[in-house]
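So the chains spell out like this:
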Number of protein chains: 2
Amino acid sequence: MAESLRLTVDRRSPVPLYYQVAEQLEQAIGSGQLSPGFKLDNEISLADQLGLSRPTMRRAIQELVDKGLLVRKRGVGTQVVHGRVRRELELTSLFDDLRATGQKPATKVLVNQVEPAPAEVADELGFAEGDEVLHLERLRLADEKPLAVLRNWLPANVIRPTDEELENGGLYQLIRDAGTHVQVARQRIGARGATTQEARLLGGRKNDAVLTMQRTAYADSGRAIEYGDHCYRPEAYSFEVTLVER
Amino acid sequence: MAESLRLTVDRRSPVPLYYQVAEQLEQAIGSGQLSPGFKLDNEISLADQLGLSRPTMRRAIQELVDKGLLVRKRGVGTQVVHGRVRRELELTSLFDDLRATGQKPATKVLVNQVEPAPAEVADELGFAEGDEVLHLERLRLADEKPLAVLRNWLPANVIRPTDEELENGGLYQLIRDAGTHVQVARQRIGARGATTQEARLLGGRKNDAVLTMQRTAYADSGRAIEYGDHCYRPEAYSFEVTLVER
DNA sequence: GTCAATACTTTGTCCTAACATTCTGTCTTA
DNA sequence: TAAGACAGAATGTTAGGACAAAGTATTGAC
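Residues numbered from 1 in each chain as written. Chains lettered and ligands numbered in written order. Predicted model: local features only at pLDDT ≥ 70, side-chain atom pairs only at ≥ 80, totals over all residues. Heavy atoms only, no water.

Where an unreviewed UniProt entry is consulted, chain A appears under the name GntR family transcriptional regulator, with the organism given as Nocardioides immobilis.

Re the overall build of chain A
When you go through chain A residue by residue, the secondary structure sums to eight helices and nine strands. In terms of overall size, chain A is more extended than a compact globule, its C-alpha atoms giving a radius of gyration of 23 Å where 246 residues would be expected to give roughly 18 Å. Based on the C-alpha atoms only, the size of chain A along its principal axes is roughly 60 × 40 × 30 Å. Taking all 246 residues of chain A together, the buried fraction comes to 50%. When contacts within chain A are restricted to residue pairs at least 6 apart in sequence, those whose partners lie at least 24 apart make up 58%. By element, 46% of the accessible surface of chain A is carried by carbon and sulfur atoms, the whole surface being about 11,900 Å². Of the side chains in chain A, 33 bear a positive and 36 a negative charge, and the two mean positions are spaced by 6 Å. (Helix = DSSP H or I, 4+ residues; strand = E, 2+ residues; numbered from the N terminus. Rg over C-alpha atoms; globule rule 2.2 N^0.38 Å. Buried < 20%, exposed > 50% of the residue type's maximum accessible area, 1.4 Å probe, protein only. Contact = heavy atoms within 4.5 Å. Areas by Shrake-Rupley, 256 points an atom, 1.4 Å probe, with all protein chains shown as cover. Lys, Arg positive; Asp, Glu negative; His and termini not counted. Charge placed at Lys NZ, Arg CZ, Asp CG, Glu CD.)

So, the domain arrangement of chain A
Here chain A is described as being made up of domain 1 (2-80) and domain 2 (94-232). Distance between the C-alpha centres of domain 1 of chain A and domain 2 of chain A: 39 Å. (Domains from an automatic or database assignment.)

Focus on the relation of the copies chain A and chain B
Overlay of chain A on chain B (RMSD 0.2 Å): rotation 180°, translation along the axis 0.0 Å. Given the turn and translation reported, the copies of this chain are related as if by a two-fold rotation axis. When C-alpha positions in chain A are compared against the rotation axis, the closest is assigned to Ala-209 of chain A, at 2.1 Å. Both copies share a contact surface, since 100% of the interface residues of chain A are interface residues in chain B too. (Least-squares fit on C-alpha atoms with pLDDT ≥ 70 in both.)

A short note on the packing of helix α2 (residues 43-50) of chain B against helix α3 (residues 54-66) of chain B
Residues and elements named next belong to chain B. Here α2 crosses α3 at 110°, and the two axes come no closer than 9 Å. Taken together, α2 and α3 sit at an angle that is classed as roughly perpendicular. From α2, Glu-43, Ile-44, Leu-46, Ala-47 and Leu-50 reach across to α3, where they touch Arg-54, Met-57, Arg-58 and Ile-61. Taken together, the residues of the contact of α2 with α3 break down into six nonpolar, no polar and three charged. (Axes fitted to C-alpha atoms, helices over the stretch in contact; angles between N-to-C directions. Parallel < 35°, antiparallel > 145°, perpendicular 65-115°, else oblique. Nonpolar A, V, L, I, M, F, W, Y, C, P; charged D, E, K, R; others polar.)

Some words on the pattern of salt bridges
Residue and element names in this part refer to chain A. Scanning the model with the defined rule gives 24 salt bridges over all chains in all. We note a salt bridge from Glu-198 to Arg-192, for which the minimum N-O separation is 2.9 Å. For Glu-198, a relative accessible area of 2% gives the class buried. Since its relative accessible area comes to 27%, Arg-192 is described here as partly exposed. One network of salt bridges, with partners in common, ties together Glu-43, Arg-54, Arg-58 and Arg-72. (Salt bridge = Lys/Arg side-chain N within 4 Å of Asp/Glu carboxyl O.)

Looking at the protein's contact with DNA strand D
Every one of the 25 residues lining DNA strand D counts as a neighbour, but Arg-11, Leu-17, Thr-56 and Arg-74 of chain A together with Arg-58 of chain B are closest to it. Here the atoms of DNA strand D within 4 Å of the protein split so that 72% fall in sugar or phosphate, with bases taking the remainder. Within the contact set of DNA strand D, a phosphate oxygen lies 2.2 Å away from a backbone nitrogen or oxygen of Leu-17 of chain A. Interatomic distance of 3.2 Å between a side-chain N/O atom of Arg-59 of chain A and a phosphate oxygen of DNA strand D. A breakdown of the residues in the surface near DNA strand D according to their chemical character gives seven nonpolar, eight polar and ten charged. (Near = heavy atom within 4 Å. Polar contact = N/O pair within 3.5 Å; in protein donor to acceptor, adjacent residues only side chain to side chain.)

Comments concerning the sheet that holds strand β4 (residues 132-142) of chain B
With antiparallel pairing, the seven strands of this open sheet are ordered in space as β9(A)-β6(B)-β7(B)-β8(B)-β5(B)-β4(B)-β3(B). The sheet is open, and its two borders are formed by β9 (239-244) of chain A together with β3 (105-116) of chain B, each paired with just one other strand. Pairwise comparison of adjacent strand axes, ignoring direction, gives a mean angle of 15° for this sheet. (Pairing = 2+ DSSP bridges.)

Considering α3 of chain B
Residue and element names in this part refer to chain B. Under the 1.5 Å per step criterion, the end-to-end length of α3 is 18 Å for 13 residues, consistent within 8% with the ideal 18 Å. Along α3, the residues that are buried comprise Met-57, Ala-60, Ile-61, Glu-63, Leu-64 and Val-65. Structurally, α3 contributes buried residues whose contacts are with α1 (17-30), α2, β1 (70-73), β2 (77-80) and β9 (239-244). Positive backbone phi, at 85°, marks Gly-68, one or two positions downstream of α3. (Expected span 1.5 Å × (residues − 1).)

Section: the sheet that holds strand β3 (residues 105-116) of chain A
The sheet built from seven strands is open, its strands ordered β3(A)-β4(A)-β5(A)-β8(A)-β7(A)-β6(A)-β9(B) with antiparallel pairing. With one partner strand each, in any of the chains shown, β3 of chain A together with β9 of chain B form the two edges of the open sheet. The mean angle between the axes of side-by-side strands here comes to 15°, regardless of whether they run parallel or antiparallel. Relative to strand β7 (residues 209-219) of chain A, strand β6 (residues 182-193) of chain A is paired through eleven bridges, and the arrangement is antiparallel. Residue pairing in the sheet places Arg-188 of chain A in a bridge with Gln-214 of chain A of β7 of chain A.

Some thoughts on the interface of chain A and chain B
Counting from both sides, the interface comprises 47 residues of chain A and, opposite them, 47 residues of chain B. Contact between chain A and chain B buries roughly 4,200 Å² in total, counting both sides, with carbon and sulfur atoms accounting for 54%. At the boundary of chain A and chain B, one finds two salt bridges. Inspection of the chain A/chain B interface yields two residue pairs in polar contact (both at pLDDT 80 or more). Those elements that place two or more of their residues in the side of chain A that touches chain B are β1 (70-73), α5 (119-125), β6, β7 and β9 of chain A. Per-element tally for the side of chain A that touches chain B: the top contributor is β6 of chain A, with twelve residues. Note: β9 of chain A against strand β6 (residues 182-193) of chain B, six bridges, orientation antiparallel. For Leu-243 of chain A, the partnering residue across the bridge sits in β6 of chain B and is Ala-185 of chain B. (Buried area = accessible area lost by both parts, 1.4 Å probe.)

Right, dumping it as structure tokens:
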């Protein structure tokens, strides 16, 4: 097949043209219609086929290069790298992730109160020690089984949720609903032995291995908006990342 | 200060203009010269100041938006998000990372032989079970202390290193030197208790928590080029990731 | 027949230009 | 005084063209 691929664009749609093309290409790769190693037509002829300019076509391709689905080589062309499309680790909460994969998430609220910031938290949020912060501690379950212990600290003026709100959705959803846009987050992923309390909550024994994640999130205004210290049952959870050479 | 920032470009340099600008901006942010919340001039006037076109200036800014250092808001402008510049998790080997941070890496080769691929490895590499693969097993030390146990399997025709070569550098360096370009890698990060053998090598006890990473790397041709199963002493190592909302 | 020089293909970079969209602040009007 | 209309400012999208650089294939000479 020279080009079994059929791409179309709708110029009346408000969706950007480059995005329409990128989406269709991604789906074609994900569905196996374009198999690894397949060489795309060159940018100019692709653009012509769709009635687009080269920059627009180029941008569509770039989107997929950034995602690691395509590879470009000057003087050679553009090829499909591999078909297994894995979603990049995104700025979504664990709650949304679970629901998206069909598991039934649940939350048990352990702590939900405003208190003076401990030293480590104040440092991460860029606050003074003792400034008031909202302290949350939750046990997250998936399909009725304990999955993770989630400890979070937020500036006191971001949200002030009820226990019920925390049980019905993810933290990030509440933050977004409050009109705050989370822009960047820095995560550190590690491991350690469970504390006695964690073991009790997760249904294991002290010093059992747990996967840990510390995260500091920043709003688009630049100020720190959340510090989280989570630990997960490693049998039930792992992080996936896709790295792309640029 | 309206704009204490002084940017310059060298048109005779082979380094792309947008990259020159992005680098200078990144350094200005990293050094604190541009503090969080600082609002950049608009794209057009920045481009004028440098004698560049708007697309080129725009691309420079985009680089830093992708890295999470800047935020753009339509109708408003471009702002610095936060100053702490953390390097994105990159396609570099642990060996290079250690050397870059000033620690003294060393490697002890435990296994270096060609053998039939076990089922799990064959599956990850897209091979048939029993196909010949190069099996490597190494103990990585930093400043004389054991840090990680590295198990890797590669297609037999990629590299065939001597023990000495493995001791003097990272695996990825050897792959690159062989003319193979690693383009994409998928990593899964988790945790578990150490096996007896791992505990002995890392100087701990059985069932001590270890941080684990499984990675499958693909060459630009699309074929799988390496499968790795590593475990790290969590006191000595963790992964850092920066997530950017797009 | 082998090796080197050349031509061609394809992506990479950069430019000018125009219009759309979104947000902010101001001015007008009820 | 307050709410809505409007203008301005900034980024977002798209177009079309030109040249540079790198890799591939062909051609030519020895």
